[in-house]
Every structure is written in C-alpha cells, then in structure tokens.
Amino acid sequence: EAQVTQNPRYLITVTGKKLTVTCSQNMNHEYMSWYRQDPGLGLRQIYYSMNVEVTDKGDVPEGYKVSRKEKRNFPLILESPSPNQTSLYFCASRETGGEETQYFGPGTRLLVL
Amino acid sequence: RKEVEQDPGPFNVPEGATVAFNCTYSNSASQSFFWYRQDCRKEPKLLMSVYSSGNEDGRFTAQLNRASQYISLLIRDSKLSDSATYLCVVTPPNFNKFYFGSGTKLNVKP
C-alpha cells in the first residue's frame, strides 16, 4: 500500500529536550516536505526536499532541522523544543516535475511543556 | 499579505443544499491549484485539482479565475459526509512550495 508514515503519532516533551519525528514514504517520491498546522493559520511549510541531499527552507523553518540522506526518509529534528512549537505536524511527499499532488502522513501531535 | 486567503466559515447548510467556497491568492504567477479536504485534524486529502478550463467530479465543481486571482469550489446536493474543512492550495511556478489557505469549515445538517 502506497503511504507516508510518521512516528511518533503523539509526543509530549519538555522544553529543551531534543527530539526527532521520523517520516518515511514507499512511493519512491523525490519531493518530501514538512508542515505544521495551527488553529487559524492553516498548514505552513517548514522545510522541503527536492531530492536526496537537497533541502530548503519553507516559510517557518526557525527552530527546526531536517536531513535527507535517503530518498524514502525525511526526519524532522527539533534540537531544543520550545512551547511555541506545540503543533500538529504533517509530512508529505510527491513526484517532482509537474502538477502532482502531495500525499500526507497521518500527522504527529506534539506538546512541548 | 497572505499567499492564500479563505473565509473560515463555518458554512452551516442543510442536506441537499448547494454551497460554494472561494479562495483568493496573491501571486499572479501561481501555477497549480488544488482543493483538499481535511477531517477533524486528520491528514489533508486531495479532493480535486483545479484547471484553467474548470473541472467537475460528480457533485464537485472547481473553477479558476486567473484575472481575479481566485479559485472556487461548488458542492451540489450536499451530504452529511461532506462535513469537513476544505483547504485551498496554491503552488508557485517551480512547484517547490505549497501554500495552504487556513481552510473553510462546512457543516451539513440533517
């Protein structure tokens, strides 16, 4: 089954404790992206990757890091989480080179205390 | 100014009603347009792409007006199962970013 998976699905942590949210897709997509969703603000793009070893900032990259060492994986790293990073996070992937839509993972709910 | 703007609603309509949402975008060079549906903070799922000529999928019709920089979604014969938040999505010419509207909530009531 074609899918995007994220782990963990739910996470409660404390300020400053580094965490990683994993994202994996099995569709051989080149493009992957991370979003956060907050009430009233919609989904905002954090980082995206056009291919392996190619990453770029989205609209809200501050406080986040990503890496793309393999095509299928695109982890999101919060080196020192803060309460304002409490949010619902979605990973997505798609084919590049055209008007292809994105496929989203199920989301990760993060609470930073 | 936001890249994409939507009326947050909610739109409360009875079953069988026709309802329309609009979404405006700020970048006249935007290339691709989509409507996504999102249920209760679950992942967004593609409802339909929006083409310059307009397109229809069953009870759903999407249209693009480049001159006025808006896209629209029309839902005919609303069903209870249509209750959801509808997200408008726009991409720039190089397709590397996706700009989401904040969503329009639809409640279809019996």
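In this text the structure is predicted, and so the values were computed from the model without any measurement.

*Asks:* I'm lost on the overall build of chain B in this one. Help?
*Replies:* A tally of helices and strands in chain B yields 0 helices and 11 strands. Mapped from its N terminus to its C terminus, chain B presents α and β elements in the order β-β-β-β-β-β-β-β-β-β-β. At 13 Å, chain B has a C-alpha radius of gyration in line with the 13 Å of a compact globule built from 110 residues. Dimensions of chain B, computed from C-alpha atoms along their principal axes, come out at roughly 45 × 30 × 20 Å. Buried residues in chain B amount to 49% of all 110 residues. Residue pairs at least 24 apart in sequence account for 57% of intrachain contacts in chain B once pairs closer than 6 positions are excluded.

*Asks:* Any chance you could explain the layout of surface pockets here in plain terms?
*Replies:* Here the idea is plain: a probe the size of a water molecule rolls over the atoms and shows the empty space left. Counted as a void, the largest pocket has a volume near 330 Å³. Around the largest pocket sit 19 residues that line it, and Q37 of chain A together with Q38, T85, S102 and K105 of chain B are the ones nearest its centre. Looking at the lining of the largest pocket, the elements that each hand over two or more residues are β4 (31–38) of chain A together with β9 (84–91) and β11 (104–109) of chain B. For the lining of the largest pocket, the element with the most residues is β9 of chain B, which contributes 3 residues. Its residues placed into classes, the lining of the largest pocket shows 6 nonpolar, 9 polar and 4 charged.

*Asks:* Just checking my understanding: could you explain the side chain of E43 of chain B for this structure?
*Replies:* Within the fold, E43 of chain B resides in the loop between β4 (32–38) and β5 (45–50). Buried charged residue E43 of chain B carries no salt bridge. Nearest counter-charge: K45 of chain B, at 4.1 Å. Every residue in contact with E43 of chain B, bar those within four places of it in the chain, is listed here: F90, F104, G105 and P106 of chain A together with R37 and Q38 of chain B.

*Asks:* Mind showing me how you'd approach unusual backbone geometry here?
*Replies:* Most of the time, phi is negative for any residue but glycine, and the peptide bond is trans. Cis geometry marks the peptide bond from N7 of chain A to P8 of chain A, where omega comes out at -5°. Assignment of secondary structure puts P8 of chain A in the loop between β1 (4–7) and β2 (10–13). In the segment running from G9 of chain B into P10 of chain B, the intervening peptide bond is cis, with an omega of 5°. The backbone of E53 of chain A sits at a positive phi, close to 65°, despite the residue not being glycine. With respect to the secondary-structure elements, E53 of chain A resides in the loop between β5 (42–51) and β6 (54–57).

What counts as what
Residues numbered from 1 in each chain as written. Chains lettered and ligands numbered in written order. Predicted model: local features only at pLDDT ≥ 70, side-chain atom pairs only at ≥ 80, totals over all residues. Heavy atoms only, no water. Helix = DSSP H or I, 4+ residues; strand = E, 2+ residues; numbered from the N terminus. Rg over C-alpha atoms; globule rule 2.2 N^0.38 Å. Buried < 20%, exposed > 50% of the residue type's maximum accessible area, 1.4 Å probe, protein only. Contact = heavy atoms within 4.5 Å. 1 Å grid on protein atoms, 1.4 Å probe; cavity = no way out; pocket = protein on both sides within 12 Å on 5 of 7 lines; lining within 4 Å. Points joined across faces, edges and corners; volume = space filled by probe spheres on them. Nonpolar A, V, L, I, M, F, W, Y, C, P; charged D, E, K, R; others polar. Lys, Arg positive; Asp, Glu negative; His and termini not counted. Salt bridge = Lys/Arg side-chain N within 4 Å of Asp/Glu carboxyl O.

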